[in-house]
Every structure is written in structure tokens, then in C-alpha cells.
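# What the coordinates show
Residues per chain are reported as follows:
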Amino acid sequence: MPNTITERTCVVCKEKKEKSDLFRIAKISEINYSFDEKQKLQSRAIYVCKTHECIKRISKNKKYNLKIEDLLIMVNLLKKQSKDYLNILKAMKNSEHLTFGINMVMEEIQHIHFLIIAEDISEKNDKKLIAKAKELNIPYAHFGDKAQLGEIFNKDEINVIAIKNKRVARGITE
């Protein structure tokens, strides 16, 4: 029997991904859903990307009526799985490998190899950055808030930080 990868589609962004790269949310009743952390509940389910933006968007969706406790568990699991980008970036802040701010990043987008986007960025700017990143196959992660990213460069707020060096980007993402 061939080795098959089980793919599912995120109900938020409609991206197809391996089942293991998605959170499973089981349908408990007609109006209630519950986070199925172990992916074992015997019921129909929907899937959501393991990203802050998809979790944020599903939390606002009245159709799925997720409990706040389930959303908090999913966010905490994300934090455990993500790297500590803040400390990595602080160590690199004076290097020429970083650029920050939406305008500078968009100007240099052809030379960017990884994006770190603030979790509290506006939805409009988030969509703009993600669309460009997907178009150019640039990996990205949502991490920290604008104030935390701003601290790295002694600014009040920064929406996005980009890594311009391919080797450095690979080191951060692997």
C-alpha cells in the first residue's frame, strides 16, 4: 500500500496542509465545537492552521462557537512550538541582515528570506504581507506584538522584521 499523507483544509485560510500541521476542532453539537488536542474524538471536525492569524480569525467566527479555554490552549501550544525569535533578533539587531517596517520590507521584498510579523498587526497589513510572502515563497511567522518587536530596535512599535540573508534565515527557521 502506498504511503499517503493525510491532508486537510483550514476552514479559515483554505490552505491544504498535512493533518499534523493543523488543529482539529470537533463538532460536539449543532452549535458547539471543541478543540480536539489528541485528534481522537469520534465526530465530524474542522481544521485550523497552527498560526496566530487563523486562530484569531476563527475566534471571531460565530458559526464555530469555540470556548475561550480551547482558544487559549491552542495559543499556548503555538507559543511552546515557536522559537524565541525575540532573543535571536536582539542578538542580530546591529547586523545588516535585518530590515524592519512595512515600507522598507516591501521595498526590499525581492531580497527577503524570512519575515517575522507582529501578532497584533492590522488585518489589512497582515494580509498584504502574507500575500506577498506567499507569492514569492518567503516563509513567515507571527511572533510577539508590535511593542516587543519595537524594543529590539529601540522604537515604540514595529509591525514586521525581515531577514535578508539566506543562511541566517535558514538558521532561524530550522
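Below you will find a few notes about this structure.

### Quick notes on the overall build of the protein
Helices and strands together make up the secondary structure of the protein, namely seven helices and nine strands. The C-alpha extent of the protein, read off along each of the three principal axes, is 50 × 45 × 25 Å. Each of the 174 residues in the protein was classed as buried or not, and the buried ones make up 38%. Of all intrachain contacts in the protein linking residues separated by at least 6 positions in sequence, the fraction that spans at least 24 positions is 62%. Split by element, the accessible area of the protein, about 10,700 Å² in all, is 47% carbon and sulfur. Of the charged side chains in the protein, 33 are positive and 24 negative; the average position of the first set lies 4 Å away from that of the second.

### Quick word on the pairing of strand β7 (residues 114–117)
Burial along β7 is two-sided: the face carrying Phe114 and Ile116 and the face carrying Leu115 and Ile117 are both buried. One ladder, built from four bridges, connects β7 with strand β9 (residues 160–163); its direction is antiparallel. Bridge pairing in β9 places Ile116 opposite Ile161. Examined bridge by bridge, β7 and strand β8 (residues 140–142) share three bridges and lie parallel to one another. Among the inter-strand pairings, Ile117 is bridged to a residue of β8, identified as His142.

### Structural notes on the pattern of salt bridges
Overall, the coordinates contain seven salt bridges when judged by the stated rule. The partner of Lys164 in a salt bridge is Glu108, and the shortest N-O contact between them spans 3.3 Å. Here Lys164, found in the loop between β9 and α7 (166–173), pairs with Glu108, found in the loop between α4 (102–107) and β7; they are 56 residues apart in sequence, far enough to count as distant. The exposure class of Lys164 is partly exposed, given its relative accessible area of 27%. Among the salt bridges present, the one from Glu157 reaches Lys146, with a minimum N-O distance of 4.0 Å. Of the two residues, Glu157 sits in the loop between α6 (146–152) and β9 while Lys146 sits in helix α6, which places them 11 residues apart along the sequence. The class of Lys146 is buried, set by a relative accessible area of 18%.

Criteria and thresholds
- Every chain is numbered independently, its residues counted from 1 as its sequence is written.
- Owing to the predicted nature of the model, reporting of local features is limited to residues with pLDDT of at least 70; listing and counting of side-chain atom pairs is limited to 80 or more, with chain, interface and lining totals taken over all residues.
- The basis for every side-chain value is the complete set of non-hydrogen atoms in the structure, without hydrogens or water.
- Secondary structure elements follow DSSP: runs of H or I of four or more residues count as helices, runs of E of two or more count as strands, with numbering from the N terminus.
- The buried label goes to any residue with under 20% of its type's maximum accessible area, the exposed label to any with over 50%, and the partly exposed label to all in between, with areas taken from a 1.4 Å probe on protein chains only.
- Whether two residues are in contact is decided by their heavy atoms: any pair within 4.5 Å suffices.
- Here the accessible surface of atoms and residues is derived via Shrake-Rupley with a 1.4 Å probe, and residues count as covered only by protein chains that are part of the display.
- Positive charges come from Lys and Arg alone, negative charges from Asp and Glu alone, with His and the N- and C-terminal ends not counted.
- The atoms used to mark charge sites are NZ of Lys, CZ of Arg, CG of Asp and CD of Glu.
- If DSSP finds at least two bridges between two strands, the strands pair.
- The term salt bridge refers to a side-chain nitrogen of Lys or Arg lying within 4 Å of a carboxyl oxygen of Asp or Glu.

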